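One-letter residues, chain by chain:
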Amino acid sequence: MMFIFFFLLLSLGFFIFSSSTTTTTTTCHRDHQPPSYPFIGCLVSFYRNRHQLLNWYTDLLSQSPTQTIIVQRLGARRTIVTANPANVEYMLKSNFTNFPKGRPFTEILGDLLGCGIFNVDGELWSMQRKLASHEFSAKSLREFTVKTLQQEVDDRLIPMLEEAAESRRVLDFQDILKRFAFDVVCKVSLGTDPFCLDLSRPLPPLVKAFDAASEISAMRGMAPVFLIWKIKRLLNIGSEKKLKESVNLVHESVVEIIRNKKENNSVNGDEGGDLLSRLLSAGHGEQVARDMAISFIMAGRDTTSAAMTWLFWLLSQNESVEREIVDEVKQVIDKNNIGRARALDFEALKEMNFLKACLCESMRLYPPVAWDSKHAAAYDVLPDGTPVRKGDRVTYMPYGMGRMETLWGKDRLEFKPDRWLDDVGEEWENRVLKPVSPYKFPVFQAGPRVCLGKEMAFIQMKYVVGSVLRRFEIKPVSGNQPVFVPLLTGHMIGGLQVLVRKRINE
C-alpha cells in the first residue's frame, strides 16, 4: 500500500513538471474547459491552481457562454461547475431528487458530521429536516437566541472592545467574531458556555479540535487526487491521523455534554431553551442528538463570523456606507425609544433594511460557503444543455456567481448595497429590499434544503454589527487587500487586524 502511495506522488510530479512548458493557467480551450491531456485530464492545471481555485473557476465560468464548465481529471470524478441560475434552480428545486449530496460528498464530511442533517439524504434527511424546522419556527427559540445575543454582546464583546479602544491594543477581529459566534452557538445549540470570548482563558480543546477537523475535512474536498487522502486515512498517517484524533475529541466532548444535560434535566426537571434540550425532550437518542448538534454548531459558527468579518473590512473601505448604517441604527433606536445603553430588540432589528442590504452585498462578494456540490443519481441534462452522467459531481458556485457580469452588471466587483434596495432615497423608512431570486444569490441554498437558520443568522449579524458600529469605529491596521480562502467556510488569511476607536458623536 505504501508503494502505491509513493507511486501516485511520483506520477503526479512527473506529469506536472513534464508539462510545465506546454500549458498556462490563464488560457482555456475553445470550449471554455480547463486545458486537458489524455488520461490525466486537467490534473496539471488543477494542481497549479490549487491555491486559487475560486478565481480560476470564476475566470473559466465568466468565459463560458453558459456560465458552466466541465472539469475532468485523474483521481476525481467528472465535475460540472456552474454559475447559471437556471441550472442552480434545476438542481436545488425542479429536479431536487436527482441531485442529492451523494456518497462522495458525505464521505468527505462523514467522519466529523456523522449522520447529521447536513450530511445525509433521503428519509434520514427528511426526518431531521422536519424536526429542525419545527424547532427553528418556535417563538421560544427565537427569544432564547436574542436573549443569548444580548448577554454575549453586553457582558463580553462590548467591554472587550472598550478595553481595546482605551489601550489601543490591536485585535484580530476575525478571531474575536469566531470566538463570539462559538459562544453563542454553543449556548443556543448545547446549552453550555465555552467562554471563548474570555481572552484570559485558553481556548477549550473542543474549539481547537473543531477547527482542525473542519480544515482537514475541507482539504479532502480540494485534494488533486482523492485516493491520496483515502490511503492516508487507511494507514492512519499525517493529516488523516490528526483528523481522527480531532473528530474523536469533538464527539466525546459533545456526548459528555449530552449525558450531563440528561442528568441535570432529570434531577432538576429543567429542560432549558437550547436545541439539545429540545431534542432530548422529544425522545431522540444520543447519536442523533450528537450528530444534529455538531451540524448546528458548524452551520452557526463560522458562517456568521465569516460574513461579519468581510463586512467590517468592506465598511472600512467605504466610510459613507458605514455612516449610513450608523444613521439607520440611530433612527431605529430613536423610533423604538431604545436608550443608548439598552439592547436592540427583535422588532428594531427587523426594521434595519439598509444593514441587511450591506450584509447581502458583502456575502455576494465573499459568501461564507463559496461552493456546494451534489451528485447526480441518474443521467440528466441541465437547462443550459449540459449533459450530466450518473455519478457526476455538480457544483454551483456562489463566489463565482457574485462575480458574473451577466448577473450583476459591469459594477459587479464593487461594494454597492443600494443594488439590493428598491428605493434609495434619503428617508430610511422608505428603503425596501428588492426580491432577489435565491437561485441567483444561493448563499443560503434554496429549494427544499434552504437554510432553516437564515433569519436567525440575519438577527445575529444585525445585532452584532449594529451594536458595535453604534459605539465604535473598526479600523484595519493594514491597507492591503485581504485574501479569501475557502475551507468549509470562507476565511480571511491572517485574520483581520484592527484598532478600535470609540465613536466620537455617540
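Residues numbered from 1 in each chain as written. Predicted model: local features only at pLDDT ≥ 70, side-chain atom pairs only at ≥ 80, totals over all residues. Heavy atoms only, no water.

A. Examining empty space enclosed by the protein more closely. Counted under the stated rule, the structure contains three cavities of 30 Å³ or more. Quantified by volume, the second largest cavity comes out at close to 130 Å³. Grouping the amino acids of the lining of the second largest cavity by side-chain chemistry returns six nonpolar, four polar and two charged. (1 Å grid on protein atoms, 1.4 Å probe; cavity = no way out; pocket = protein on both sides within 12 Å on 5 of 7 lines; lining within 4 Å. Points joined across faces, edges and corners; volume = space filled by probe spheres on them. Nonpolar A, V, L, I, M, F, W, Y, C, P; charged D, E, K, R; others polar.)

B. Representation of the sheet that holds strand S3 (residues 171–172) within the structure. With antiparallel pairing, the three strands of this open sheet are ordered in space as S3-S11-S8. Two strands bound the open sheet, and with one partner strand each, they are S3 and strand S8 (472–476). Across two bridges, the pairing between S3 and strand S11 (residues 497–502) is antiparallel. Its bridge partner being in S11, leucine 171 is matched across the sheet by valine 498. (Pairing = 2+ DSSP bridges. Helix = DSSP H or I, 4+ residues; strand = E, 2+ residues; numbered from the N terminus.)

C. The layout of surface pockets, seen in detail. Taken as a whole, the largest pocket holds about 800 Å³ of empty space. In terms of lining residues, the largest pocket is bounded by 34 residues, among which Arg50, His51, Met219, Met222 and Ala223 are the most central. Secondary-structure elements contributing two or more residues to the lining of the largest pocket are helix H1 (2–18), helix H3 (53–63), helix H9 (205–221), helix H10 (226–235), helix H11 (238–268) and strand S9 (484–486). Among the residues forming the lining of the largest pocket, the class breakdown is 24 nonpolar, five polar and five charged.

D. How the structure looks around unusual backbone geometry. Of note, the phi angle at phenylalanine 39 is positive, near 75 degrees, even though the residue is not glycine. As for its position among the elements, phenylalanine 39 is in the loop between H1 and helix H2 (43–48). In this model, asparagine 236 sits at a positive phi of 55 degrees, which is unusual for a non-glycine residue. Relative to the assigned elements, asparagine 236 resides in the loop between H10 and H11.

E. Representation of the pattern of salt bridges within the structure. Counting across every chain of the model gives 31 salt bridges. Notably, a salt bridge pairs arginine 449 with aspartate 121, separated by 2.9 Å at the nearest N-O pair. Of this pair, arginine 449 sits in the loop between helix H18 (405–408) and helix H19 (454–469) while aspartate 121 is found in the loop between helix H5 (102–113) and helix H6 (122–136), placing the two residues 328 residues apart along the sequence. Residue class for aspartate 121 comes out partly exposed when judged on its relative accessible area of 26%. Residue arginine 419 pairs with aspartate 411 through a salt bridge whose shortest N-O separation is 3.3 Å. One salt-bridge network, held together by shared partners, links Glu107, Asp111, Arg220, Lys230, Arg233 and Glu240. (Salt bridge = Lys/Arg side-chain N within 4 Å of Asp/Glu carboxyl O. Buried < 20%, exposed > 50% of the residue type's maximum accessible area, 1.4 Å probe, protein only.)

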